[in-house]
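Fold and contact review
Okay, here's what each chain looks like letter by letter:
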Amino acid sequence: MRRSGLLLAVAILLFASQALAQKVYRWVDRQGQVHFSDVPADDAPATEVPCAPAPTSRQVDEARQRAERERHAVAAAAAARAQRDAARWPGKASGVPAEPLLENATSQYMRTLGTGVTCDERQSSRLLHTFVLQLWVHPDVPVGAYLEAEFENQLDGRKPLRAGAELRAPGFPEVKAQEVSLVSPPFDTVRCRNYEVVVRLYRDRTARELLGTHRQQIRSRVDSALWKAYGENAIERMLEQGHLCP
C-alpha cells in the first residue's frame, strides 16, 4: 500500500505540474448528483474548489526518488521473505505440484475477480468451510440490483447453498457497489475437486426481472477428511504443499 501511495503521489505531482493553476468547480445537478469539472455548469450554481499550488520541479524529483527507493525496498523484502519460506518449508520451495486455479469467467454483466474455499477450525465440534466468490458488476447495472448465488452442495445436489447481495453502497446520492463478495452458508464436508456456482442478477430484490446469469467453477484444494486426519499438523501441511489434497 505504501508503494502504491508513493507512485500515486508522483502521478498527482506530475499531473499538477502540467495543469498549472487550472480551476476546478463543484456543482450539483437536479438529481442531487455532485459533479467536478474545469467548466462551471450553465444550469446550476457552482463553487470554485480551492486547489493546491502546482509542485516545483524539485518536489517532483524528490517524489520520483522516494518512489524508486520504495520500489527497491519492496523488492528486497520480497526476496528475503522468499528465502525464509524456502528454509522453513522445503516442500513448498521444491514446487510440490498443485492444480492451477480455474480461469475467471466473464458474462454480460459480471466478471469473476476471485474464488476460494475457506476453512474455519475455531469450532470445537466440527470443521466448517465456506465458498467465496468475488464479482465485478458492470456500471450499466442499476442501483438496487440483486445478486443470488447458488453454490453446489457436496451432500445434496438438489439443495444448493444460497447467498445473496444487494448492489447498494453507503452514500448520498445513492450509489451502486461494483465489487461484491458472495459467501455460501457454512458446511462441513468438502473434497478436492471443482464446484459450480450459478449467479443470477435481478433488477431488484423481488427477483421478478432477470438481467443476466453468471457461471463459475471454484476449485477446492482442501479435503476435509485429510484436514481432520492431520489434526494439529494440517496447517503445516497446507503451507508446505500449497494445498491439502491426496
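Residues numbered from 1 in each chain as written. Predicted model: local features only at pLDDT ≥ 70, side-chain atom pairs only at ≥ 80, totals over all residues. Heavy atoms only, no water.

A word on the confidence of the model for the protein chain
Defined as follows: For every residue, the pLDDT score states the predictor's confidence, bounded by 0 at the bottom and 100 at the top. Elements are defined by DSSP. Helices are runs of H or I of four residues or more, strands are runs of E of two residues or more, and each kind is numbered from the N terminus. Note on definitions: a residue-residue contact is assigned when non-hydrogen atoms from the two residues lie within 4.5 Å.
Of the residues in the protein chain, 78% have a pLDDT of 70 or more, and the chain-wide mean is 78. By mean pLDDT, helix α1 (residues 2–19) is the weakest element of the protein chain at 44, and strand β6 (residues 146–151) is the strongest at 96. Predicted confidence is poor over residues 1–20, with pLDDT under 50, and the contacts of this stretch with residues over four places away or in other chains come to 22 contacts. With pLDDT under 50 throughout, residues 88–97 is counted as low confidence; its partners more than four residues away or in other chains account for 13 contacts.

Focus on the pairing of strand β2 (residues 34–37)
Looking down a regular strand, the side chains alternate between one sheet face and the other. Stated formally: By this definition, two strands are paired if DSSP reports at least two bridges between them.
Relative to β2, strand β1 (residues 24–28) runs antiparallel, the two sharing four bridges. Bridged to Arg26 within β2 is Phe36. Where β1 folds back on β2, the antiparallel hairpin that results is connected by five residues, among which Gly32 adopts a positive phi of roughly 85°.

A short note on a nonpolar patch on the surface
The condition is simple: Like-charged residues within 9 Å of one another, or nonpolar side chains (Val, Leu, Ile, Met, Phe, Trp, Tyr) within 5 Å, are grouped into patches, provided each residue has over 30% relative accessible area and no salt bridge. Note on areas: Shrake-Rupley with a 1.4 Å probe; residue coverage comes only from the protein chains shown. The term salt bridge refers to a side-chain nitrogen of Lys or Arg lying within 4 Å of a carboxyl oxygen of Asp or Glu.
Taken together, Val28, Val34 and Phe36 make up a surface patch of nonpolar side chains, about 250 Å² in accessible area. Among the structural elements, Phe36 can be located in strand β2.

Here's the deal with the sheet that holds β2
What counts here: Here an axis means a line fitted to C-alpha atoms, over the contact stretch when the element is a helix, while the angle between two N-to-C directions is reported on a 0 to 180 degree scale.
Pairing is antiparallel across the open sheet formed by three strands, whose spatial order is β2-β1-β3. At either margin of the open sheet sits one strand with a lone partner, and together these are β2 and β3 (46–49). Adjacent strand axes in the sheet meet at a mean angle of 30° when their direction is disregarded. Two strands pair when backbone bridges link them, and β1 and β3 are joined in this way by four bridges, in the antiparallel orientation. Residue pairing for β3: Tyr25 is matched across the bridge by Glu48.

Focus on unusual backbone geometry
Here is the rule: Under the scheme applied here, a residue whose accessible area is under 20% of the maximum for its type counts as buried, over 50% as exposed, and between as partly exposed, the area being computed with a 1.4 Å probe on protein chains only.
Positive phi values are uncommon outside glycine, yet Ala207 reaches one of about 60°. Along the chain, the position of Ala207 falls in the loop between β9 (194–202) and β10 (210–219). Given the relative accessible area of 33%, Ala207 is considered partly exposed.

Some thoughts on the packing of aromatic side chains
Here is the rule: Aromatic pairing here means that ring centres of Phe, Tyr or Trp (its six-membered ring) are within 6.5 Å. Orientation follows from the plane angle: under 30 degrees is stacked, over 60 is edge-to-face, and everything else is tilted.
Per the stated rule, a full pass over the model turns up three aromatic pairs. Note on Phe131 and Phe151: the rings are 5.9 Å apart at their centroids and 15° apart in plane angle, and the pair reads as stacked. Taken together, the residues Phe131 in strand β5 (residues 128–137) and Phe151 in strand β6 connect sequence positions 20 residues apart. The burial state of Phe131 is the same as that of Phe151; both residues are buried. With a centroid separation of 4.7 Å and 35° between ring planes, the pair formed by Phe131 and Phe187 is classed as tilted. Of this pair, Phe131 sits in strand β5 while Phe187 sits in the loop between β8 (179–183) and β9, and the two are 56 residues apart along the sequence.

Comments concerning the pattern of salt bridges
The final tally for this structure, using the stated rule, is 11 salt bridges. With a closest N to O distance of 2.5 Å, Arg71 and Glu68 form a salt bridge. Pair noted here: Arg71 and Glu68 are both in helix α2 (residues 57–88), with a separation of three residues, about one helical turn. We note a salt bridge from Asp223 to Arg191, for which the minimum N-O separation is 3.4 Å. With a gap of 32 residues between them, Asp223 in the loop between β10 and α4 (224–230) and Arg191 in the loop between β8 and β9 connect regions that are remote in the sequence. The class for Arg191 is partly exposed, based on a relative accessible area of 31%. One connected set of salt bridges, linked through shared partners, spans Glu150, Arg162 and Arg200.

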